[in-house]
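# Chain and residue survey
Single-letter residue listing:
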Amino acid sequence: MGHGSSGAQTAPPAPPAPRGAVRERLDRLVREVVKFGAVGGAGVLVNLLVFNLVRHTTDLQVVRASIVATIVAIVFNYLGFRYFTYRDRDKGHRTREMSLFLVFSAVGLVIENGVLYTATYGFGWDSPLQSNIFKFLGIGLGTLFRFWSYRSWVFRALPAREPVTRAETFLEHEQPTAVRTTDGTPAVHR
């Protein structure tokens, strides 16, 4: 029985008001950007480390060394995106996903290395410091394109499910209901 002298029961407290749909979408986007940034940041380190290692231990030209580094980083990033950033996304079409990932990664590779190519061969900026600066700038421009394309086309979101707002509502739908057969015996249906 509720409190008070009238003997009337008080209503249970109302559940907290659900957050707005815009707020939820913004929160999801922020989480996605943070995860993408974590994988991407590690990928940038892999890219720059491999670039400098290849550039200083082989006779490859700057842009070719950069392409090798970008390919290594693409493989690293795919694993990070698939199994960390976008692990909750549709996994049903891996061949399609991999094909689109490679196509968009190739476009990102062209953007990234186009910046380095322009700086190196267009302006003659070829010192190790200049190469790293323009490699980094190219990675930044390529990353903007990759973020948009990966989230829009490669790692597609699953359709949103309607959240269960109250446990009682969920349980009400899961309880069996008793039905009597024509001879009067109970029959249980879900």
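Above this text is the structure in question.
Summarised in this report is the structure supplied together with it.

What follows is about the overall build of the chain. Along the backbone of the chain there are 5 helices and 2 strands. Moving toward the C terminus, one meets the helices and strands of the chain in the order α-α-α-α-α-β-β. Within the chain, counting contacts between residues at least 6 apart in sequence, those at least 24 apart form 66% of the total. With an accessible surface of roughly 13200 Å², the chain has 65% of that area assigned to carbon and sulfur atoms.

Once that is clear, we can look at the packing of aromatic side chains. With the rule as written, the count across this model stands at 17 aromatic pairs. An angle of 10 degrees between the planes, with centres 4.7 Å apart, marks the rings of Phe36 and Phe81 as stacked. In this pair, Phe36 sits in helix 1 (residues 21-57) while Phe81 sits in helix 2 (residues 62-85), placing the two residues 45 residues apart along the sequence. What makes Phe81 buried here is its relative accessible area of 2%. Pairing Phe81 with Phe155 gives two aromatic rings, centres 6.5 Å apart and planes at 65 degrees, and the pair type is edge-to-face. Of this pair, Phe81 sits in helix 2 while Phe155 sits in the loop between helix 4 (128-154) and helix 5 (167-174); the two residues are 74 residues apart in sequence, bridging distant segments of the chain. Three or more aromatic residues link up through ring pairs in this structure, and these residues are Phe36, Tyr78, Phe81, Tyr86, Phe101, Phe147, Tyr150 and Phe155. Lying over the aromatic face of Phe51, Lys135 brings its terminal NZ or CZ to 5.5 Å of the ring centre.

So, about helix 4. Among the residues making up helix 4, those that are buried are Ser131, Phe134, Lys135, Gly138, Ile139, Gly142, Arg146, Phe147, Ser149, Tyr150 and Val154. Considering only its buried residues, helix 4 is in contact with helix 1, helix 2 and helix 3 (94-122).

Now for a nonpolar patch on the surface. A contiguous nonpolar patch, built from Leu26, Leu29, Val30, Val33 and Val34 and spanning about 410 Å² of accessible area, is present on the exposed surface. Relative to the assigned elements, Val34 resides in helix 1.

It is worth spelling out the nonpolar core at this point. Note on soluble globular proteins: their nonpolar side chains tend to be buried together. One finds Phe36, Phe81, Tyr86, Phe101, Tyr150, Val154 and Phe155 to be the most contacted residues of the largest nonpolar core, which totals 13 residues. For this core, the secondary-structure elements that each account for two or more residues are helix 1, helix 2, helix 3 and helix 4. Aside from chain neighbours lying at most four places away, what touches Val154 is Arg96, Glu97, Leu100, Phe101, Phe104 and Ser149. Phe51, Val54, Val62 and Ala69 belong to the second-largest nonpolar core, a separate cluster that totals 10 residues.

Per the stated rule, a full pass over the model turns up 6 salt bridges. Close ionic contact of Asp27 with Arg23 constitutes a salt bridge, the shortest N to O distance being 3.5 Å. Of this pair, Asp27 and Arg23 both sit in helix 1, separated by 4 residues, roughly a single helical turn. Judged by relative accessible area, Asp27 falls into the buried class, the value being 16%. Owing to a relative accessible area of 49%, Arg23 belongs among the partly exposed residues under this scheme. One salt bridge connects Glu97 with Arg82, and the closest N-O pair in it is separated by 2.4 Å. Taken together, the residues span a long stretch of sequence, with Glu97 in helix 3 and Arg82 in helix 2 at a distance of 15 residues. Across the pair, Arg82 and Glu97 agree in class, each one buried. One salt-bridge network, held together by shared partners, links Glu112, Lys135 and Arg146.

Reading the values: rules and limits
- Residues numbered from 1 in each chain as written.
- Predicted model: local features only at pLDDT ≥ 70, side-chain atom pairs only at ≥ 80, totals over all residues.
- Heavy atoms only, no water.
- Helix = DSSP H or I, 4+ residues; strand = E, 2+ residues; numbered from the N terminus.
- Contact = heavy atoms within 4.5 Å.
- Areas by Shrake-Rupley, 256 points an atom, 1.4 Å probe, with all protein chains shown as cover.
- Phe/Tyr/Trp six-rings, centres within 6.5 Å; stacked < 30°, edge-to-face > 60°.
- Buried < 20%, exposed > 50% of the residue type's maximum accessible area, 1.4 Å probe, protein only.
- Lys NZ or Arg CZ within 6 Å of the ring centre and 35° of its normal.
- Patch = residues over 30% accessible without salt bridge, like charges linked within 9 Å, V, L, I, M, F, W, Y side chains within 5 Å.
- Salt bridge = Lys/Arg side-chain N within 4 Å of Asp/Glu carboxyl O.
- Core = buried A, V, L, I, M, F, W, Y, C linked by side-chain atoms within 4.5 Å.

Read these as layout, nothing more, since geometry by itself doesn't imply function.
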